[in-house]
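# Structural features, examined
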Amino acid sequence: MAGIMFGLILHFQYAYGWSPVRAGLANLPIIVTMLVATPCPNGSAAASATASPAWWARACLAGSLAGLSWGVDHGYGAIAVCMVIMTVGLRTVMTICAVALVDAMPANRTSIGAALNDTAQEVGTSIGTAVVGTLIAALVTTQLPAGTWSHGLVASFFHGERVTYGVLAVVVGLIAAGGALSLTDSHSVEEHPDEDAA
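Residues numbered from 1 in each chain as written. Predicted model: local features only at pLDDT ≥ 70, side-chain atom pairs only at ≥ 80, totals over all residues. Heavy atoms only, no water.

## Concerning helix α3 (residues 28-36)
Those residues of α3 that fall on the buried side of the exposure criterion are P29, I30, T33 and M34. All buried residues of α3 fall inside an arc of 130° around its axis, so they share one side. Exposed side of α3, more than 90 degrees from the buried face: L35 and V36 are the residues found there. Of the surrounding elements, those touching the buried residues of α3 are α1 (2-15), α2 (20-25) and α6 (75-104). (Buried < 20%, exposed > 50% of the residue type's maximum accessible area, 1.4 Å probe, protein only. Helix = DSSP H or I, 4+ residues; strand = E, 2+ residues; numbered from the N terminus. Arc of directions from axis to C-beta. Contact = heavy atoms within 4.5 Å.)

## A closer look at the environment of T95
Along the chain, T95 falls in helix α6. Its relative accessible area of 11% is what places T95 among the buried residues. A polar side-chain atom of T95 sits 3.0 Å from a polar atom in the side chain of R91. (Polar contact = N/O pair within 3.5 Å; in protein donor to acceptor, adjacent residues only side chain to side chain.)

## A closer look at the nonpolar core
Core analysis: the biggest nonpolar cluster contains 29 residues, and I4, L8, F12, L68, F157 and Y165 have the highest contact counts within it. Elements represented by at least two residues in this core include exactly α1, α5 (55-71), α6, α7 (110-140) and α8 (151-182). For L8, the residues in contact, after removing those within four places along its chain, are N27, I79, M83, E161 and Y165. (Core = buried A, V, L, I, M, F, W, Y, C linked by side-chain atoms within 4.5 Å.)

## Considering the packing of α1 against α6
For the pair α1 and α6, the least separation of the axes is 13 Å and the interaxial angle reads 165°. Classified by the interaxial angle, the pair formed by α1 and α6 is roughly antiparallel. Like other packed secondary-structure pairs, α1 and α6 cross with a definite hand, here left-handed. Note on element contacts: α6 touches α1 through Y76, I79, M83 and M86, opposite I4, L8, H11 and F12. Within the contact of α1 with α6, the residues separate by chemical class into seven nonpolar, one polar and no charged. (Axes fitted to C-alpha atoms, helices over the stretch in contact; angles between N-to-C directions. Parallel < 35°, antiparallel > 145°, perpendicular 65-115°, else oblique. Left-handed = near helix turned anticlockwise from the far one by under 90°. Nonpolar A, V, L, I, M, F, W, Y, C, P; charged D, E, K, R; others polar.)

## A word on α5
Under the 1.5 Å per step criterion, the end-to-end length of α5 is 23 Å for 17 residues, consistent within 8% with the ideal 24 Å. For α5, the complete set of buried residues consists of A57, R58, C60, L61, A62, S64, L65, G67, L68, S69 and G71. (Expected span 1.5 Å × (residues − 1).)

## Notes on the side chain of T87
Inspection of the secondary structure puts T87 in helix α6. Among all residues touching T87, those that are not within four sequence positions of it are I30, T33 and M34.

## Things to note about the packing of aromatic side chains
This model, assessed by the stated rule, comprises seven aromatic pairs. For the ring pair F12 and Y16, a centre distance of 5.9 Å and an interplane angle of 40° mean the geometry is tilted. Measuring from ring centre to ring centre gives 5.3 Å for F12 and W18, while their planes differ by 15°; the resulting arrangement is stacked. The same class applies to F12 and to W18, which are both buried. By the ring-pair criterion, three or more aromatic residues cluster together here, those being F12, Y16, W18 and Y76. Seen from the ring of W18, R22 lies directly overhead, with NZ or CZ sitting 4.1 Å from the centre. (Phe/Tyr/Trp six-rings, centres within 6.5 Å; stacked < 30°, edge-to-face > 60°. Lys NZ or Arg CZ within 6 Å of the ring centre and 35° of its normal.)

## A few points about the packing of α5 against α6
Interaxial distance between α5 and α6 falls to 8 Å at its minimum, and their mutual angle equals 160°. Classed by the angle they form, the pair α5 and α6 counts as roughly antiparallel. Crossing handedness for the pair α5 and α6: left-handed. Contact residues: W56, A57, R58, C60, L61, S64, G67, L68, W70 and G71 in α5; G75, A78, I79, C82, I85, M86, V88, G89, L90, T92 and V93 in α6. A per-class count over the contact of α5 with α6 returns 14 nonpolar, six polar and one charged.

## Concerning the pattern of salt bridges
The tally for this structure, following the rule as stated, stands at one salt bridge. For D73, the salt bridge is made with R162, and the minimal N-O distance between the two is 2.4 Å. Taken as a pair, D73 in the loop between α5 and α6 and R162 in helix α8 lie far apart in primary sequence, 89 residues in all. (Salt bridge = Lys/Arg side-chain N within 4 Å of Asp/Glu carboxyl O.)

Functional significance is not addressed by these values, which are geometric in nature.
Here is the structure:
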């Protein structure tokens, strides 16, 4: 989500020529949906905290990224719809994974599970922003100019976004599929015999 917001801020502010305030407000569909969609993942988490939770949420994530790859050429409305779909999927997956992680931990280690979940999200945010920024930069130009962009640069930027979001859709789809196949409802952990003594 952070990587997509980073790419879209560049899209709105430079490719569209919007002011920084307008470009920031253009990301409101993500924020509003994050708030409005909160009850949805809570119910899903309670209902499906086992091997294959919320397949539809994973489909929303991959599908919305594929949609963004198409939508960058089709105006703000198409992008906003993809933002909403992505956020619903992401919010649901985040909640279900957090619940599953904490539930899988022994009762005396749930705080470790919560910390691991937060750390994973922060690492994902950093990697996502770096990957999106690097891919767009590599596909467009080594240095994006300040001020108004030429039509050629805007077209090149849109191409870079299409490729970047398409690649992300494939990667997210593969990770989601691999995660679904590897999840279990096990509550056992493997510990070294001397771990407690140490």
